[in-house]
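Read off the chains here:
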Amino acid sequence: MPVEKTDTLVVGAGQAGIAASEHLSACGIPHLVLERHRIAERWRTERWDSLVANGPAWHDRFPGMTFAEDGDDDFVPKDRVADYFAAYADKIEAPVRTGVEVTQVTPLTGRHGFRVETSDGVIEASNVIAATGPFQSPVIPPIVPETAGVTQIHSSAYRNPSQLSEGAVLVVGAGSSGVQIADELLEAGRKVYLSVGPHDRPPRSYRGRDFVWWLGVLNKWDMEATPGAEHTTIAVSGARGGETIDFRKLAHNGMTLVGLTESYADGKIRFAADLADNVRNGDAYLMNLLDEADAFVLRNGLDLPEEPDARRQLADPACMTDPLLSLDLAEAGITTIIWATGFSADYSWLPANALTPEGKPAHQRGVSKEAGIYFLGLPWQTRRGSSFIWGVWFDARYVADHISKQRGYMAYQATAAQETIDA
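Residues numbered from 1 in each chain as written. Predicted model: local features only at pLDDT ≥ 70, side-chain atom pairs only at ≥ 80, totals over all residues. Heavy atoms only, no water.

(A) A look at the overall build of the protein. Counting its secondary structure elements, the protein contains ten helices and 21 strands. For 423 residues, the compact-globule estimate of 2.2 N^0.38 gives 22 Å, and the protein sits close to it at 24 Å. The dimensions of the protein, computed from C-alpha atoms along their principal axes, are 95 × 60 × 45 Å. Buried positions account for 49% of the 423 residues belonging to the protein. Residue pairs at least 24 apart in sequence account for 69% of intrachain contacts in the protein once pairs closer than 6 positions are excluded. With an accessible surface of roughly 20,200 Å², the protein has 49% of that area assigned to carbon and sulfur atoms. (Helix = DSSP H or I, 4+ residues; strand = E, 2+ residues; numbered from the N terminus. Rg over C-alpha atoms; globule rule 2.2 N^0.38 Å. Buried < 20%, exposed > 50% of the residue type's maximum accessible area, 1.4 Å probe, protein only. Contact = heavy atoms within 4.5 Å. Areas by Shrake-Rupley, 256 points an atom, 1.4 Å probe, with all protein chains shown as cover.)

(B) The packing of helix α1 (residues 15-26) against helix α10 (residues 389-411), seen in detail. Where α1 contacts α10, the axes come no closer than 8 Å and their chain directions differ by 45°. Judged by the angle between their axes, α1 and α10 are oblique. Crossing angle aside, the handedness with which α1 passes α10 is right-handed. On α10, the residues that touch Gln-15, Ala-16, Ala-19, Ala-20, Glu-22, His-23 and Leu-24 of α1 are Ile-389, Val-392, Trp-393, Ala-396, Arg-397, Ala-400 and Ile-403. (Axes fitted to C-alpha atoms, helices over the stretch in contact; angles between N-to-C directions. Parallel < 35°, antiparallel > 145°, perpendicular 65-115°, else oblique. Left-handed = near helix turned anticlockwise from the far one by under 90°.)

(C) Up close: the pattern of salt bridges. Inspection of every chain in the model, using the stated rule, returns 26 salt bridges. With its nearest N and O atoms 3.0 Å apart, the salt bridge here joins Arg-407 to Asp-7. One end of the pair, Arg-407, is in helix α10; the other, Asp-7, is in strand β1 (residues 4-11), and 400 residues separate them in sequence. A residue is classified by how much of its surface remains accessible, and Arg-407, at 31% relative accessible area, is partly exposed. Linked by salt bridges that have partners in common, Arg-201, Arg-248, Arg-280, Asp-283 and Asp-316 make up one network. (Salt bridge = Lys/Arg side-chain N within 4 Å of Asp/Glu carboxyl O.)

(D) The arrangement of helix α7 (residues 275-300) in detail. For α7, spanning 26 residues, the distance from its first C-alpha to its last is 38 Å, which sits close to the expected 38 Å at 1.5 Å a residue. Trailing α7 by a residue or two, Gly-301 shows a phi angle of about 60°, which is positive. (Expected span 1.5 Å × (residues − 1).)

(E) Layout of the environment of Ser-176. Along the chain, Ser-176 falls in helix α4 (residues 176-187). The spacing of Ser-176 and Pro-141 is 35 residues in sequence and 18 Å in space, taken between C-alpha atoms. Excluding its chain neighbours within four sequence positions, the residues that come into contact with Ser-176 are Asn-54, Ile-234, Ala-235 and Val-236. Only 3.1 Å separates the side chain of Ser-176 from the backbone oxygen of Ile-234, close enough to count as a polar contact. Of the polar contacts made by the side chain of Ser-176, one reaches the backbone oxygen of Val-236; its length is 2.9 Å. (Polar contact = N/O pair within 3.5 Å; in protein donor to acceptor, adjacent residues only side chain to side chain.)

(F) Geometry of the side chain of Thr-8. Structurally, Thr-8 can be placed in strand β1. Given the relative accessible area of 0%, Thr-8 is considered buried. For Thr-8, the side chain forms a polar contact with the side chain of Asp-7, separated by 2.8 Å. A distance of 3.3 Å separates the side chain of Thr-8 from the side chain of Asn-127, its partner in a polar contact. If sequence neighbours within four positions are ignored, Thr-8 has contacts with Leu-24, Ile-29, Pro-30, His-31, Leu-32, Asn-127, Ile-129 and Ile-403.

(G) A look at the layout of surface pockets. In this structure, the second largest pocket encloses a volume near 680 Å³. Lining the second largest pocket we find 30 residues, and of these Glu-243, Thr-244, Ile-245, Asp-246 and Lys-249 sit closest to its centre. For the lining of the second largest pocket, the secondary structure elements donating two or more residues are α4, α6 (247-252) and α7. It is α4 that provides the largest number of residues to the lining of the second largest pocket, a total of six residues. In terms of residue class, the lining of the second largest pocket is built from eleven nonpolar, seven polar and twelve charged. (1 Å grid on protein atoms, 1.4 Å probe; cavity = no way out; pocket = protein on both sides within 12 Å on 5 of 7 lines; lining within 4 Å. Points joined across faces, edges and corners; volume = space filled by probe spheres on them. Nonpolar A, V, L, I, M, F, W, Y, C, P; charged D, E, K, R; others polar.)

(H) Expanded view of the pairing of strand β2 (residues 31-35). Across the five residues of β2, five count as buried, placing the element largely inside the fold. Going residue by residue along β2, you find His-31, Val-33 and Glu-35 tucked away on one face and Leu-32 and Leu-34 tucked away on the opposite face as well. In this structure, β1 lies alongside β2, joined through four bridges in parallel fashion. Bridge pairing links Leu-9 to Leu-32 in β2. (Pairing = 2+ DSSP bridges.)

(I) Quick look at α4. Over its twelve residues, α4 runs 17 Å from end to end, which matches the ideal 16 Å to within 8%, given 1.5 Å per residue. Burial analysis of α4 places ten of its twelve residues in the buried class, which makes it a mostly covered element. Buried within α4 we find Ser-176, Gly-178, Val-179, Gln-180, Ile-181, Ala-182, Asp-183, Glu-184, Leu-185 and Leu-186. A positive phi of about 95° marks Gly-189, the residue just after α4.

(J) Highlighting the pairing of strand β10 (residues 192-195). Of the two faces of β10, both are covered, the one formed by Val-192 and Leu-194 as well as the one formed by Tyr-193 and Ser-195. Pairing of strand β9 (residues 168-172) with β10 involves four bridges; the strand directions are parallel. Considered in β10, the bridge of Val-169 is made with Val-192. With α4 bridging β9 and the parallel β10, this β-α-β connection has right-handed handedness. (Right-handed = clockwise from strand over helix to strand, strands pointing away.)

(K) Main features of the packing of aromatic side chains. Under the counting rule described, the total for this entry stands at 17 aromatic pairs. On the basis of an interplanar angle of 45° and a centroid distance of 6.3 Å, the ring pair of Phe-211 and Trp-221 is categorised as tilted. Taken together, the residues Phe-211 in helix α5 (residues 211-217) and Trp-221 in the loop between α5 and α6 connect sequence positions ten residues apart. Trp-221 shares its class with Phe-211; the two are buried. Consider the rings of Trp-213 and Phe-296, whose centres lie 6.4 Å apart with planes at 85°: the pair is edge-to-face. With Trp-213 in helix α5 and Phe-296 in helix α7, this pair connects stretches of sequence that are 83 residues apart. Residue Phe-296 is classed as buried on the basis of its relative accessible area, which comes to 13%. Linked through ring pairs, Phe-211, Trp-221, Phe-388, Trp-390, Trp-393 and Phe-394 together constitute an aromatic cluster. (Phe/Tyr/Trp six-rings, centres within 6.5 Å; stacked < 30°, edge-to-face > 60°.)

Here it is in structure tokens:
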């Protein structure tokens, strides 16, 4: 049977893959998008029931379409985010083929392009864009053994409080996912322990503007990656219409905060003595951002109302002043540990030259060292906003433009040399 061929193959039909398709079409580049499940599947089946987007609808979207059922300042529920991407794919007539998994990409021998092995046969492509995103494989640190007598799940497997066995819950990780899950469990009447590591804690809004607006006008979305910065945890929430994460408030409401989870032995989990420092460093980030915002308002003569309450802090709770450094799981009645500890990515299906020795993408602005291989949707791919919905759209334009430029080079035909005629 003849092998199917396309110019550019996009692997993944989440926000990155759909954005890539739009820009490839704008450049007139024939392409195909393969998705092993459904469009935006992770939004549908790998998030908890009450999840909403962490940014308001006016910001967390593509430029070409608004959310049909939500106001500009609403935080869109996860299922409607998934529906949005499916509708967007229809709008731009993206050539998406679902239910097809890519298993291996191999450079063609002696000619440009790649052999792409899929669950539906072989495809040859001049270019391949890996748009599978950063949230591929849930990571649970090997700290607590399976024999510890507690249920352990990753945050991607959590759905709602009724899913869990009766008893207290330890949530490890205080980024957006961990904090929102811990808060939901607390509201459901559970005893909750939250392990808080280093993090940035922005205000949800300040002086009538959401923090995504402030990061925009202060040019922080375009910050380039610095060593260590790409791994910074951000504590922000769109729950209940959007609110600033306040760890002291959570503690005063009954949650027990602990430091970074370090080890386990003899039925006890041990925590670092860093809780107070982590919370205060998060406070410092918030205060610095408020200072920058105030300076921006003054410098630009903006009529935005002052908000002194944004700088007020509750008293340090007892769990900060006298922190738990060890916790006996049985004595505390903990029956479940939820690990909100992030994800890893597997790119072993790509050519080795496209990866670092550690198996991570080797690229500059999404352009791989292996000519014809591209990446899209990576954290800090070009800037801080790269893995966000709107940020990946702009990165996709850069990648599509690069492919278009390279196609021009490959299409070049040298003119025939002309003989020199002596006069």
